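So the chains spell out like this:
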Amino acid sequence: MKILILNGPNLNLLGKREPGIYGARGFEDYFAELCGRFPEVEFEYFQSNVEGELINKIHEVGFSWDGIVLNAGAYTHTSVALQDAIRGVNTPVVEVHISNVHAREEFRHRSLISCACLGVICGFGLDSYRLAVEALIAHKG
Ligand code: DQA
């Protein structure tokens with residue numbers, strides 16, 4: 001099984017960025033742990049601060065890979081283009097957020113991508129990514 005972990009804007013700063021909200025751990029460190037937990041899964045990790053690069057990556061894997069775990073960061077709340085990209089491919093996408101966006105500012109309550117995703121996981125810290133991988137494995141059956 002091949003799963004892409006796709007992180008959007010500002011998530012390269014995990015560990016340094018607002019640690020009270022997003023925690024003190026960098027993503028590369030967490031990614032190594034995630035890979036170790038699912039030896040049967042082939043993972044790739046890609047992060048970009050650029051909306052079009054996220055879209056290009058979805059197009060690249062979206063017709064052949066088994067799943068995408070997407071934390072679109074703030075583009076979650078703004079990007080019709082990302083919604084269209086998710087709708088345009090066959091690979092199931094799970095939307096994740098580290099924080100509970102529904103317990104935060106009102107502008108974070110709306111997601112423009114949820115309606116195109118298989119499901120949404122938010123609020124469990126970095127463990128949200130593991131839960132999303134479990135969901136993709138269960139979905140594949
Ligand atoms: C986030 C939540 C978003 O509202 C925010 O813009 C982020 C991170 C999260 O993982 O909690 O950049 O997606």
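Note that the coordinates shown come from a computational prediction; the quantities given were computed from them, not determined experimentally.

Novice: Which residues make up the nonpolar core, and what are the values?
Specialist: By size, the foremost hydrophobic cluster in this structure holds 23 residues, and its most contacted members are Ile5, Phe27, Phe43, Val69 and Tyr129. Counting residues per element, the ones that place at least two in this core are β1 (2-7), α2 (27-37), β2 (42-47), β4 (93-97) and α5 (127-140). Leaving out residues up to four positions away in the same chain, Phe43 has contacts with Ile3, Ile5, Phe31, Leu34, Cys35, Phe38 and Val133. Core analysis: the second largest hydrophobic core is formed by 19 residues, Leu6, Ile58, Val61 and Trp65 among them.

Novice: Any chance you could break down α2 for me, citing the residues and the numbers?
Specialist: Along α2, the residues classified as buried are Phe27, Tyr30, Phe31 and Leu34. Projected down its long axis, α2 carries its buried residues within an arc of 105°, all on one side. Facing away from the buried side of α2 by over 90 degrees, the exposed positions are Glu28, Ala32 and Gly36. Along its buried surface, α2 packs onto β1, β2 and α5.

What counts as what
- Residues numbered from 1 in each chain as written.
- Predicted model: local features only at pLDDT ≥ 70, side-chain atom pairs only at ≥ 80, totals over all residues.
- Heavy atoms only, no water.
- Core = buried A, V, L, I, M, F, W, Y, C linked by side-chain atoms within 4.5 Å.
- Buried < 20%, exposed > 50% of the residue type's maximum accessible area, 1.4 Å probe, protein only.
- Helix = DSSP H or I, 4+ residues; strand = E, 2+ residues; numbered from the N terminus.
- Contact = heavy atoms within 4.5 Å.
- Arc of directions from axis to C-beta.

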